[in-house]
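What follows is each chain in one-letter form.
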Protein chains: 4
Amino acid sequence: MNFRSDNEGPAAAPILQALVDANQGTAHAYAEDQWSKRLDEAFSEVFEAEVRVLPLATGTAGNSIALAQLCPPWGSVVCHQQAHINQDECGAPEFYNPGCKLAGLTGDLCKLQADDISAWLSHQGAHGVHNNKPSAISLTQATEAGTVYQLDEIQAISAVARANDLYLHMDGARFANALISLGASAADMTWRSGVDILSFGASKNGCISAEALVLFGHPDWYADLERRRKRAGHLLCKMRYVSAQLLAYLENDLWLTLAAKANEHAARFAAAIDQHPTAELAWPVEGNEVFLRWPREKLQALQDRGFDFYFWPGSDDLARLVFACTHSDTLIDQLISNLDEIQ
Amino acid sequence: MNFRSDNEGPAAAPILQALVDANQGTAHAYAEDQWSKRLDEAFSEVFEAEVRVLPLATGTAGNSIALAQLCPPWGSVVCHQQAHINQDECGAPEFYNPGCKLAGLTGDLCKLQADDISAWLSHQGAHGVHNNKPSAISLTQATEAGTVYQLDEIQAISAVARANDLYLHMDGARFANALISLGASAADMTWRSGVDILSFGASKNGCISAEALVLFGHPDWYADLERRRKRAGHLLCKMRYVSAQLLAYLENDLWLTLAAKANEHAARFAAAIDQHPTAELAWPVEGNEVFLRWPREKLQALQDRGFDFYFWPGSDDLARLVFACTHSDTLIDQLISNLDEIQ
Amino acid sequence: MNFRSDNEGPAAAPILQALVDANQGTAHAYAEDQWSKRLDEAFSEVFEAEVRVLPLATGTAGNSIALAQLCPPWGSVVCHQQAHINQDECGAPEFYNPGCKLAGLTGDLCKLQADDISAWLSHQGAHGVHNNKPSAISLTQATEAGTVYQLDEIQAISAVARANDLYLHMDGARFANALISLGASAADMTWRSGVDILSFGASKNGCISAEALVLFGHPDWYADLERRRKRAGHLLCKMRYVSAQLLAYLENDLWLTLAAKANEHAARFAAAIDQHPTAELAWPVEGNEVFLRWPREKLQALQDRGFDFYFWPGSDDLARLVFACTHSDTLIDQLISNLDEIQ
Amino acid sequence: MNFRSDNEGPAAAPILQALVDANQGTAHAYAEDQWSKRLDEAFSEVFEAEVRVLPLATGTAGNSIALAQLCPPWGSVVCHQQAHINQDECGAPEFYNPGCKLAGLTGDLCKLQADDISAWLSHQGAHGVHNNKPSAISLTQATEAGTVYQLDEIQAISAVARANDLYLHMDGARFANALISLGASAADMTWRSGVDILSFGASKNGCISAEALVLFGHPDWYADLERRRKRAGHLLCKMRYVSAQLLAYLENDLWLTLAAKANEHAARFAAAIDQHPTAELAWPVEGNEVFLRWPREKLQALQDRGFDFYFWPGSDDLARLVFACTHSDTLIDQLISNLDEIQ
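Residues numbered from 1 in each chain as written. Chains lettered and ligands numbered in written order. Predicted model: local features only at pLDDT ≥ 70, side-chain atom pairs only at ≥ 80, totals over all residues.

Here we take up the sheet that holds strand 6 (residues 197-201) of chain A. All names here are of chain A. With mixed pairing, seven strands are arranged side by side in an open sheet as 1-7-6-5-4-2-3. With one partner strand each, in any of the chains shown, strand 1 (51-56) and strand 3 (101-105) form the two edges of the open sheet. Averaged over all adjacent pairs, the angle separating strand axes in this sheet is 25°, with direction ignored. Sheet topology note: the strand 2 (residues 75-80)/strand 3 ladder contains five bridges and is parallel. Paired with V78 across the strands is A103, a residue of strand 3. Strands strand 4 (133-140) and strand 5 (167-172) of the sheet are contacted by helix 8 (residues 151-163), whose axis makes an angle of about 170° with strand 4. (Pairing = 2+ DSSP bridges. Helix = DSSP H or I, 4+ residues; strand = E, 2+ residues; numbered from the N terminus. Axes fitted to C-alpha atoms, helices over the stretch in contact; angles between N-to-C directions. Contact = placed C-beta atoms within 7 Å.)

Right, dumping it as structure tokens:
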């Protein structure tokens, strides 16, 4: 009973089927296949704009390639201190763009605040070429705390970006979960709110190593992104198997159906915590992650009953449970009843 | 009728089945799953030694990670001028190890000669820290010309490596094809001949984006390799789908069966060329690649009949046809009869 | 009347003379000259140990080369958030070691606290290869706030370093000023307190672009440092002019005499502030830098009288005045009397 | 009696004097001093155009910074195989621009031929993003063989550059010697012949660690060059001492007078070789370097008489003697008479 992460489940049935279906005959290698060539159109429809899509196998690659494109080698990227790019990618963004710095700001609920960014920027550059040059802002949507930036929050940050000649990147490892949470359109949550480039995640929501960079405008960037992907070894020769997943993921709103299910699971568990005499929610549950504050021995008791999840690093009374589209309703029932039994 | 590359075919049936079978239940992410954990044992059996295995999605990543491990940032890697790492990876080895140089030597049949390496090394380092420091040799087996290093050739090169404190890397994108060609054991063609680390390719021989680094000895290197993989974004969260393929690939010698079939196709086509009045083999056919020297209009005629393949860059009378395990005997019959019809 | 920085003054007379004296005849290039060859011995005497010395033209190069030596490319360096390496080198440490991160901790008086480092380290590595690997600690001595680590503070930090397998680097851009402040020996303030490598600054204390890395132990690192210097373009062909300065700097304790003078100036000014009705010291004055808290209009008034200095970035009532060995006593008298006149 | 290199002599008297003169009072650090600020004007006069100048301490830094500006990280730089950037900078260009490759072509007299470059370019890019993208050409003037590109040769190469969207860099470590050799203007040998950026060397011709990048057009590049210099640790705080040398170097054509003297020495020695019964010139002497082909024992005999010079790497009958402005006529007399004595 695995609530460790939404990347530990199997692929959703239609995704696997799409991969199996793609295994027919030959196809041109290196993303010149018929599946990969349809990505631009399929994503453009979803995003209500002419976007360019770069399929990839991992989110870390997507984030790093995107940020290297947004920043000169002496640039800095504003992000939350807890951002995945800053904490969990073993220096990948700095490796992909040697000399670049991530500037990790604090902020409640793992969210950047537009005002904090402005304040930070006002101190930068006082020493000219001696300081890294702020060049981009990166938001994680949904955030590492399971919270979701509202549209007006994204827009406020994007206004700061524009006012300071910075580009705006969105790490959308849990993009679909955030979208469901907001009830917004993909366009509203991205380019209409000022996002320049999106790391579009699908692996956590029912796919197998299927991710994409989605580029809004900046048509001259695409050739660079292709080069960055190739020289990092991320241009899979058999890209059709990634692209076929992405196409199936978008088809008939499968991605939204899957994310809605995961979010629903999380909401049910959150509601159970709200009713619980001793358990507490550390942060509001807005996507598919629940942060449960509870004494260590109770968390341990839940684990002893077979429910697997992570303790927050450096904490012994804060647990993260991640809900996935592949979890069954019955499993959530079990989780809740076990929670209730531990008082 | 695609002879462009062996990476344009579908997965072999048992490989796809293994991937489908792996899609059950949850599994720990980031190569902590049960499939990935069995790789060391499975490869150790094949290689008759305790090897460590690092699964990966692409050969470019494998080559670059391996070479970065073998060389200091001011090192140089001896390779053939035509080596894939030097010509076709868009600077990936230099990106993964900034400051490193590839020293491309010439040599017939795309093979490095031990004597040429010795001669080259004798001129290096005359200027101390002003010269890059030769640190490794990289062989491609089978080579980019479709030829295969004999065991004694590998051993002669490895002797030069040892005598000069260099490590030896093998780019085994077509490892199985070479092995079949030599009739040697995996151990003989690698560590018994002095290879320190192998890029083990499977994608070109029936898998989907499944590759591995195989480390012989040097146990302290493994943790570094894991870091290098992670920070490059190559630690797939759902690695089980790669590892499951690799296990199926080795099981019951499937990999050898597949490679034998591809080599057999190539040999049949080569024999037809030998009999042909105007067509010629540019190089001996030792694996699954055939280099056909023929006037441009005849090569064009073959293409007009629906057979797709590459012209060698910069040449108009030299074509490369690559044979794959997924080609049928009938297809090869057709190819040969069409060749024969063009005189 | 320039109190902007101690790197804006001319060279001390004996330093300039040494440079002029070195301009005789030919000398082997690239640090193979007779001056450069005497550095190890001269520094070994000062440091009471067999040290190795790498002359350089800038402190940024020294810091970056040292840190690249101490850390793997996926390492992290603990430093103070305000450290020069983190704020004022435009990402040089990250450029020299692509993928490395600087982890900037806070701490009063721009000093790292051993306990804070321990606490920070206890949260690191929870996520294995996903986190950068803490690999080194870097102290600035004297600090960016003009304060000085006491010997027991260095030793406490070095104990944390040793306990966690980290190396200890000291950025000694103002090494001599700190040494005078402590009244300690060079050995006590470095290797006897656990420092592995020192960026030894001389440019701010009477030299012209003369710096050095001083290596304590780790004899196998020296060849790497030489490579790192060369490939960064920091192996000056005419290194004799740097080394001649360094030799003259150490001779007859010139360096200590110069630093004592600068510190004395700062102390006199600090005493005047202490007596002043409205001016205040922001931080204790322990070296040659004075941080003066005073209303903006009064700082402005001092500037209007011809005294040039920097406002602290982001602040309008905090000024930094840096005192140099090349300042005359009369100039300090003038500064103090002008301070006194502005009430 | 040192003919090892022109970087082993002392500074010319007016250069040293300029440095001594600059040692007066305070000056703003980091190239904001009055000497550095006059460089653009002084060089613009010499180059008959509005150029921008970036002072630096080493040629390796200049070359690497320039090439990083001309190439994307996936670019390649065409140069001669024997080019200093390719052979003697320990991978500096690849370190400054991780992922970039140097493509070393052959060519008589260490000169690139326009036709060879065109031919090479015609094979590049056949494999799209898999190949590095040719982005720049770098010429060494005078070359590593002591020869000099004629103006029409530079123009032919620059025409190839323009036709293929490549930029043109000139490594002018011995720029003045080449200029004297051609009797051309600085403008003719650079921007009028299509050069985009020049590494202007002065250290080998009478200065102490004084070099500069000279930028022709491309005004938006200058800010990037400043960043690249800073983050590499090459923005000297006391840049005035470099800039003062450069100003003195250009003043009253000192640089041309010095180079003419060195060339004259070389020409006299070359004439003596021409007359000699057994010694031979390996290549025409066009600047200040002489390549002497002579049996090993005779070269050894010359060394035994106290004349120091390098054997060419990998050769035992080819010696390089470099002549400097600081050599006296008497020394050249001695060298020639000793040559004559060895028959």
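From this point on, the discussion continues.
Attention now goes to the environment of V51 of chain C. Here V51 of chain C lies in strand 1 (residues 51-56). Residues contacting V51 of chain C, with those up to four places away along its chain left out, are D40, F43, S44, V214, L215 and F216 of chain C.

All names here are of chain B. You can see S199 is positioned in strand 6 (residues 197-201). For S199 and I336, which are 137 residues apart along the polypeptide, the C-alpha to C-alpha distance reads 33 Å. With near-sequence residues (within four places) excluded, S199 lies in contact with G59, G62, N63, A66, M170, D171, G172, A173, E211 and L213.

Attention now moves to helix 11 (residues 221-231) of chain C. Helical periodicity: at 3.6 residues per turn, an α-helix aligns residues three or four positions apart in one direction. The buried fraction of helix 11 of chain C is high, at eight of eleven residues. Residues W221, L225, E226, R227, R228, R229, K230 and R231 of chain C constitute the buried set of helix 11 of chain C. Contacts made by the buried residues of helix 11 of chain C are with strand 1, helix 4 (59-70) and strand 7 (211-216) of chain C together with helix 6 (92-96) of chain D. A positive phi of about 75° marks G233 of chain C, the residue just after helix 11 of chain C. (Buried ≥ 20, exposed ≤ 12 C-beta atoms within 10 Å, placed from the backbone.)

Moving on, we get to the relation of the copies chain A and chain D. The operation relating chain A to chain D is a screw motion whose rotation component is 180°, with 0.0 Å of axial translation and a residual RMSD of 0.0 Å. The superposition operator between the copies reduces to a two-fold rotation axis. Scanning chain A for the C-alpha nearest the rotation axis identifies P98 of chain A, at a separation of 4.0 Å. Of the residues that chain A buries at the interface, 100% are likewise interface residues in chain D, meaning the two copies contact each other through the same surface. (Least-squares fit on C-alpha atoms with pLDDT ≥ 70 in both.)

Attention shifts here to the interface of chain A and chain D. At the junction of the two partners, chain A supplies ten residues and chain D supplies ten residues. For the side of chain A that touches chain D, the per-class residue count stands at four nonpolar, two polar and four charged. (Nonpolar A, V, L, I, M, F, W, Y, C, P; charged D, E, K, R; others polar.)

Without other data, these values stay purely geometric and don't point to any function.
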